[in-house]
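Listed below are the residues making up each chain.
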Amino acid sequence: MLDAKTALANLERTTQSALFVLLGRIFSEAGQELSLVGGPVRDAFLGRKALDLDFTTSANPDETLEILKPHVDVHWDIGRAFGTIGARIGDETVEITTYRADKYDHESRNPEVTFGKSLEDDLFRRDFSVNSMALRLTGPSGTPIPAGELAVVDPYKGLQDLIDGVIRTPGAPEDSFSDDPLRMLRAARFASQLGFEIEPATFEAITAMSGRIEIIAAERIQVELTKLMLGKNPRAGLEVLVQTGLAGLILPEIPALKLETDEHHHHKDVYEHTLTVVDQAIDYEKDYNLEGDFILRFAALMHDIGKPATRKLEPGGAVSFYHHDMVGAKLTVKRMRALKFDNDTIKAVALLVELHLRFFGYSDQAWTDSAIRRYVRDAGEQLLRLHALTRADVTTRNKKKADRLSHAYDDLEHRIGVIMEQEELNALRPDLSGEDIMRILDLKPSPQVGQAYNFLMELRLEEGVLGAEEAERRLLDWWRAR
């Protein structure tokens, strides 16, 4: 449990860095203020090593660059328009930004960059109190900090909120979310990453202002959603998105899983089932060396989004969702494109959604070698993720059924391993190449070559390795019979 004494001890260990001493000295000699700020301070209090070191300064970008140049290995100014100068010093990468006081125009999709006048101004414009703490490396107006002294600046009680596990804004949440609506999504992300609760006034403001998220560029939403899914508890963040209405605007397929039931037709709660599958997929990550795998986690989230569109109420009280895997794959592609995910990620997630039911069609009977080859061929590079997703999709409370499905999948994985070893399924291809086909059939490149290749691939899937001589005989027989 974090307390103030432990937090300060953690921070004190961080401040011993020679990098901080160097930066504090050169900015102080230039008469400029410099502070470590935001996430690195929060993580230091939590005893974590920050991956990125963010600093804020009274110096403008040109002044920052001049201060740094004699002391860094390399520097860059790609963020100069936003007040940020980057540099590499030894093994550390730092970003130093001029005090900021950004605001959004009501209709803008990007912030209007304005520079602030003080550290307190800069901290006030930050998203949450736990990120509104700073460690001064110089005193006011660049005066030196006495050696060994901690100069923590915490005007908005961020340390107490960190200890209490609370997410709140430094000022009125309505003002904060109006200035930058993306902060509403960040609140959900921090619920996932840190396991913190959003305090009531902040939660109510997100709910009331959720519509403001629509002015934010899809690329920025995608970044926050990805970080949320990679947090230690994505369920907590997803529940915030759904409960506040944000999900209805950026990921509407998820709240749509809350399907209505009637007195005659009953089925499992698809929304709760989905959250459980996400939890279980994360639990299976370590079994398949997939720790922190976004593709698996997002596929788990999206795997049943085809159910609302395919639900059919059957006689006798049954409910069916025929082809929800195929429909869900198409909806997944559409949503991920809208969120500007890259094509490779979209393709991988959609394939997993499409294949997530494949195992259950065979779970009550022995798999043929042909079926196993097709399973491996269709999954391709996503095979390990498909293993994890399929296992995670078993949420039944019937222990006998769960054990039966688990043992069936154990058997399937074992047989995949045996056949892979025997037939090199990872490089699954016919016994003859395209060049062989053209030579044997005296063809030039044409659709006929592709048809012959597909015929041989079907043989490979059905019967395994035939050898070049037998494959040629079968090919010629097929060609004559056309």
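Here, residues in each chain are numbered from 1, in the same order as that chain's written sequence. Per-residue local features of the predicted model are confined to residues with pLDDT of at least 70, and side-chain atom pairs are confined, for both listing and counting, to 80 or more; whole-chain, interface and lining totals are unaffected and use all residues. The side-chain figures draw on all heavy atoms in the structure; neither hydrogens nor water molecules are used.

### A look at the sheet that holds strand S6 (residues 134-136)
Within a beta sheet, neighbouring strands are joined by backbone hydrogen bonds and run either parallel or antiparallel to one another. Operational definition: For two strands to count as paired, DSSP must find a minimum of two bridges between them. Think of it this way: any DSSP run of H or I at least four residues long counts as a helix, any run of E at least two long counts as a strand, and we number them from the N terminus. Note on contacts: a residue pair is in contact if any heavy atoms of the two residues lie within 4.5 Å. Axis geometry follows a simple rule: fit a line to the C-alpha atoms, using only the stretch in contact for helices, then measure angles between N-to-C directions, giving values from 0 to 180 degrees.
Read across the open sheet, the seven strands follow the order S3-S4-S5-S2-S1-S6-S7; overall the sheet is mixed. The open sheet has two free edges, formed respectively by strand S3 (74-76) and strand S7 (152-153), since each of these has just one partner strand. Sheet analysis places strand S1 (residues 34-37) next to strand S2 (residues 53-57), joined by three bridges and oriented antiparallel. Across the sheet, the residue bridging to Leu 34 is Thr 57, located in S2. Of the strands in this sheet, S2, S3, strand S4 (84-89) and strand S5 (92-98) touch helix H4 (residues 61-68), which is tilted by about 10° from S4.

### Some remarks on the pattern of salt bridges
Where side chains of opposite charge bring their charged atoms close, a pairing between them can arise. Applicable threshold: Put simply, a salt bridge is a Lys or Arg side-chain nitrogen that is within 4 Å of an Asp or Glu carboxyl oxygen. Each residue is placed in one exposure class: buried if its accessible area under a 1.4 Å probe, protein chains only, is under 20% of its type's maximum, exposed if it is over 50%, and partly exposed if it falls in between.
Taken as a whole and assessed by the stated rule, the structure comprises 37 salt bridges. Of the charged contacts, one joins Arg 220 and Asp 180 as a salt bridge, the two residues approaching to 4.0 Å between their closest N and O atoms. Taken together, the residues span a long stretch of sequence, with Arg 220 in helix H10 (residues 218-229) and Asp 180 in the loop between helix H7 (173-179) and helix H8 (182-194) at a distance of 40 residues. The partner of Glu 470 in a salt bridge is Arg 474, and the shortest N-O contact between them spans 2.9 Å. Placement of the pair is Glu 470 and Arg 474 together in helix H23 (residues 468-481), with a separation of four residues, close to one helical turn. On the accessibility criterion, Glu 470 (24% relative accessible area) is partly exposed. Overall, Arg 474 belongs to the partly exposed group, its relative accessible area being 23%. Through salt bridges with shared partners, a single network forms among Asp 127, Asp 180, Arg 186, Arg 189, Arg 220 and Glu 224.

### As for the packing of helix H11 (residues 234-244) against helix H13 (residues 270-285)
So the rule is basically this: For classification, angles of less than 35 degrees are called roughly parallel, those exceeding 145 degrees roughly antiparallel, those between 65 and 115 degrees roughly perpendicular, and all remaining angles oblique. Crossing handedness is defined as follows: a turn of the near helix away from the far one that is anticlockwise and smaller than a right angle gives a left-handed crossing, while the clockwise case is right-handed.
It is at 10 Å that the axes of H11 and H13 come closest, and there the two elements cross at 155°. Taken as axis vectors, H11 and H13 run roughly antiparallel relative to one another. In the crossing of H11 with H13, the sense of the turn from one axis to the other is right-handed. Here Pro 234, Arg 235, Leu 238, Glu 239 and Val 242 of H11 come into contact with H13, specifically with Tyr 271, Glu 272, Leu 275, Thr 276, Val 278, Asp 279 and Ile 282.

### Structural notes on unusual backbone geometry
For Lys 157, which is not a glycine, the phi torsion comes out positive at approximately 60°. Relative to the helices and strands, Lys 157 is located in the loop between S7 and helix H6 (158-164). Positive phi is not limited to glycine here, since Asn 289 has a value of about 55°. Here Asn 289 lies in the loop between H13 and helix H14 (294-302).

### Comments concerning helix H17 (residues 343-355)
The condition is simple: Any helix carries an expected span of 1.5 Å times its number of residues minus one. Each polar contact in these results corresponds to two N or O atoms within 3.5 Å; when the atoms are within protein, one needs to be able to donate a hydrogen and the other to accept it, and residues that are neighboring in sequence are counted only if both atoms are side-chain atoms.
With 13 residues, H17 ought to run about 18 Å at 1.5 Å a step, and its terminal C-alpha atoms sit 18 Å apart, in line with that. Buried residues in H17 make contact with H14, helix H16 (324-338), helix H18 (369-379) and helix H19 (383-392). You can read the cap of H17 off the contacts: a side-chain oxygen lies 3.2 Å from the backbone nitrogen of Asp 344, and it is on Asp 342.

### Here's the deal with the nonpolar core
Stated formally: In this text, buried Ala, Val, Leu, Ile, Met, Phe, Trp, Tyr and Cys residues form a nonpolar core when linked through side-chain atoms within 4.5 Å.
Formed by 112 residues in total, the largest nonpolar core has its most connected members in Phe 55, Leu 241 and Phe 298. In contact with Phe 298, other than residues within four places in its own chain, are Leu 225, Met 229, Leu 251, Met 336 and Val 349. Counting twelve residues, the second largest nonpolar core, distinct from the first, contains Ile 440, Ala 452, Leu 456 and Leu 466.

### Digging into helix H22 (residues 447-463)
An ideal rise of 1.5 Å per residue puts 24 Å on 17 residues; H22 measures up with 24 Å between its terminal C-alpha atoms. Buried residues of H22: Val 449, Ala 452, Leu 456, Met 457, Leu 459, Arg 460 and Leu 461, and no others. Count one or two residues on from H22 and you reach Gly 464, which has phi positive near 85°.

### Considering the packing of H8 against H11
For clarity, the threshold we go by: When residues are sorted by character, Ala, Val, Leu, Ile, Met, Phe, Trp, Tyr, Cys and Pro go into the nonpolar class, Asp, Glu, Lys and Arg into the charged class, and all the rest, Gly among them, into the polar class.
One way to put it is that H8 packs onto H11 with a least axis distance of 6 Å and a crossing angle of 155°. One way to sum up the angle between H8 and H11 is to call them roughly antiparallel. The two elements H8 and H11 meet at a crossing, and its hand is right-handed. Touching Leu 185, Ala 188, Ala 191 and Ser 192 of H8 are Pro 234, Ala 236, Gly 237, Val 240 and Leu 241, all from H11. Broken down by class, the residue content of the contact of H8 with H11 amounts to seven nonpolar, two polar and no charged.

### A closer look at the pairing of S5
Here S2 pairs with S5 via five bridges, running parallel. Within S5, the residue paired with Phe 55 across the bridge is Ile 96. The pairing of S4 with S5 spans six bridges and is antiparallel. Residue Gly 86 lies in a different strand from S5, and its bridge partner there is Glu 95. The hairpin turn running from S4 into S5, its antiparallel successor, is two residues long, and Gly 90 in that turn takes a positive phi close to 65°.

### Focus: the side chain of Thr 64
Examined against the element boundaries, Thr 64 turns out to sit in helix H4. Setting aside residues up to four positions removed in sequence, Thr 64 forms contacts with Phe 27, Thr 57, Ala 59, Ile 85 and Ile 96.

### Side note on the side chain of Arg 235
Its location among the elements puts Arg 235 in helix H11. On the basis of relative accessible area, Arg 235 is assigned to the buried category, the value being 18%. One polar contact links Arg 235 to Glu 272, side chain to side chain, over a distance of 3.4 Å. Excluding anything up to four places from it in sequence, Arg 235 contacts Glu 272, Leu 275, Thr 276 and Asp 279.

### Overview of the packing of aromatic side chains
Rules: Each Phe, Tyr or Trp ring (for Trp, its six-membered ring) is paired with any other whose centre lies within 6.5 Å, and the angle between the two planes then decides the class: stacked below 30 degrees, edge-to-face above 60, tilted in between.
For the coordinates displayed, the defined rule picks out eleven aromatic pairs. With a centroid separation of 5.9 Å and 85° between ring planes, the pair formed by Phe 20 and Phe 55 is classed as edge-to-face. In this pair, Phe 20 is assigned in helix H2 (residues 18-29) and Phe 55 in strand S2, connecting sequence segments 35 residues apart. The class of Phe 20 is buried, set by a relative accessible area of 6%. When the centroid spacing of 5.5 Å and the interplanar angle of 20° are considered together, the rings of Phe 294 and Phe 341 count as stacked. In this pair, Phe 294 is assigned in helix H14 and Phe 341 in the loop between H16 and H17, connecting sequence segments 47 residues apart. In this pair, the class of Phe 294 matches that of Phe 341, namely buried. Among the aromatic residues, those joined into a cluster by ring pairs are Phe 294, Phe 298 and Phe 341.

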